[in-house]
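Structure assessment
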Amino acid sequence: MTTSFSSAVALHEPTDEKPVRQIAQPVSRRRHTLASRLGFLTICVAIVLTTLAYGTVHYWALAVFTVSAAGLIAFWAVDAAVLRSALVPVNSLQWPIIGLIVLGLFQLLPLRGYDDGGLSISPVRSLSLDPYSTRFVIIQVTALLIYFGATTMFLDTPRRLKALVRTIVIFGFLLAAFGLTQSFTTDGTRVYWFRQLTQSQAFGPFINRHHFAGYMELALAIPLGLLISGALESYKRPLYAFAVVVMAMSLVATNSRGGIISLGAEIFFVLVVGGVSWRSKKDQPRARRVRSALMRGGAAMAIVLVLLGGALVISGPEVFTRFLGTPVAEDPTQGRAHFWNVTLDVIKAHPLLGSGLGSFSVIYPRYDTRNGIFRLEQAHNDYLQTLSDAGILGGVLGLIFIIILFRRGFARRETHDKYRRSVTTGALAGCFAALVHSFFDFTLHTTANALLFMIISAVATQDTRINTTYELHTRGRRRRRKNAEAEPPPPALPAAIDPAAAL
């Protein structure tokens, strides 16, 4: 629904109206200016470039990413100036993110006494024990918030929705093929065949193979939702199935246990949620619902068997040894239990507001009982690290974000538009898989993964402007209006027959 609150500004707030009302009362469309087109193009290009730039974890890549976010604001301003109307996107998912930014700014206030607490750093007076990292996280989260708002605003037609979906599917497939090719030709210690790594195992353009697995979870989610929900034309299904299988095989080839578990959770989510809707309950007979569920189950099982078989053929049985085998002491990532115990001690010491956004690497040595054997940058559990960095308040903000995401996402699925419903199902499945993976790793700390997560979150919670049903309804109404105008008026009746004339 678009509500005018001034002559020049429109506030856009998605609603939870029923599908019938959404079709009967379509949302008005804005004309696409050059700035609007460039803004949407920037979003699509950012999905690609942030991934190719090593996942955008280096300062130079993060600087470019921040500048591109500022460019989106410029495109929004030019679009508003040309149309003489500023559309301000308001999505409920924005509020927890804004709350996190406000919390970070509060942590920068000089409210702490001079006490280094035994840390090998200069004393600081801010609530954050690492104010530099806190400022850095605030900038990064703000850039992600801008991309989320830009997606909500510029993704406003079914055509743009399909263009965004194709971008994710095609790039995800090419990225998976590149990752598999690189894994065949290197020993896992080189990125792009020339950059040598010493402390991590690479896969594709990512320095950490777990982060590649996390990206694949997000990239294959939407095509998986389209495939299992049956929203594709028959001639497209083999192409999408092949793309999903290749992406899933590349994920399994990373040998990431968290990634494999999340992939299973993602398939389960699509299988269960894909058949749940108000329409199936009211309009479809029981036999048809059962047959549809069996078909979805068969499709999911076929995908699982094909990707497992393909992984065995390509990488051999050793691809599952780490998932099924016992931990080895030489692999530092096997010490997650110790990392989590230390993180719990940090949470107990800073329960309400946390030690500061991004300060985990600074606070960890103080509570480490192994005398600093490992220099740990992340807790390998996003939920524990959120409580460590942002305290209980940050944990509440994260919980609110998750609740709003799935509440609005399930509301957006209740539509007559089968394509929109399938895309929303896949987007929610990708978010669900990323949230499951966050129990074991920190994939969302990689900018490329976080950006794709925010974009598909915006897709899952977007309003009815991207519904194909709405576009067909609008075209039909225009066609009926043109036909009515083209029809000649009925012939006039003689005065003796016309009742109006007789009066």
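Placed above this text is the structure.
Residues numbered from 1 in each chain as written. Predicted model: local features only at pLDDT ≥ 70, side-chain atom pairs only at ≥ 80, totals over all residues. Heavy atoms only, no water.

**Some words on the nonpolar core**
Grouped together as the largest cluster of nonpolar side chains are 92 residues, with contacts concentrated most on Leu164, Tyr215, Met216, Leu226 and Phe453. In this structure, Phe339, Phe360, Ile363 and Ala379 belong to the second largest nonpolar core, which totals 10 residues. (Core = buried A, V, L, I, M, F, W, Y, C linked by side-chain atoms within 4.5 Å. Buried < 20%, exposed > 50% of the residue type's maximum accessible area, 1.4 Å probe, protein only.)

**Comments concerning unusual backbone geometry**
Among all residues save glycine, negative phi is the norm, and among peptide bonds the norm is trans. Phi is positive for Tyr54, close to 60°, though the residue is something other than glycine. Topologically, Tyr54 is positioned in the loop between α2 (34-52) and α3 (59-83). A residue is classified by how much of its surface remains accessible, and Tyr54, at 12% relative accessible area, is buried. Phi is positive for Trp193, close to 70°, though the residue is something other than glycine. (Helix = DSSP H or I, 4+ residues; strand = E, 2+ residues; numbered from the N terminus.)

**Focus: the side chain of Thr152**
Inspection of the secondary structure assignment puts Thr152 in helix α5 (residues 131-154). Of the residues examined, Thr152 reaches a relative accessible area of 1% and is grouped as buried. Leave out the neighbours within four places in its chain, and Thr152 touches Pro89, Asn91, Ala458, Gln462 and Arg465. (Contact = heavy atoms within 4.5 Å.)

**Remarks on the environment of Ala450**
As for its placement among the helices and strands, Ala450 is situated in helix α18 (residues 447-461). Expressed as a C-alpha distance, the spacing of Ala450 and Leu144, which sit 306 residues apart in the sequence, is 7.6 Å. Not counting the four nearest positions on each side in its chain, Ala450 is found in contact with Leu144 and Leu444.

**Remarks on the packing of aromatic side chains**
Inspection of every chain in the model, using the stated rule, returns 18 aromatic pairs. Ring centres 4.7 Å apart and planes at 50° place the aromatic pair Phe203 and Phe212 in the tilted group. Site record: aromatic cluster; members linked through ring pairs are Tyr54, Phe178, Tyr192, Trp193 and Phe194. (Phe/Tyr/Trp six-rings, centres within 6.5 Å; stacked < 30°, edge-to-face > 60°.)

Just distances and angles here, no functional claims.
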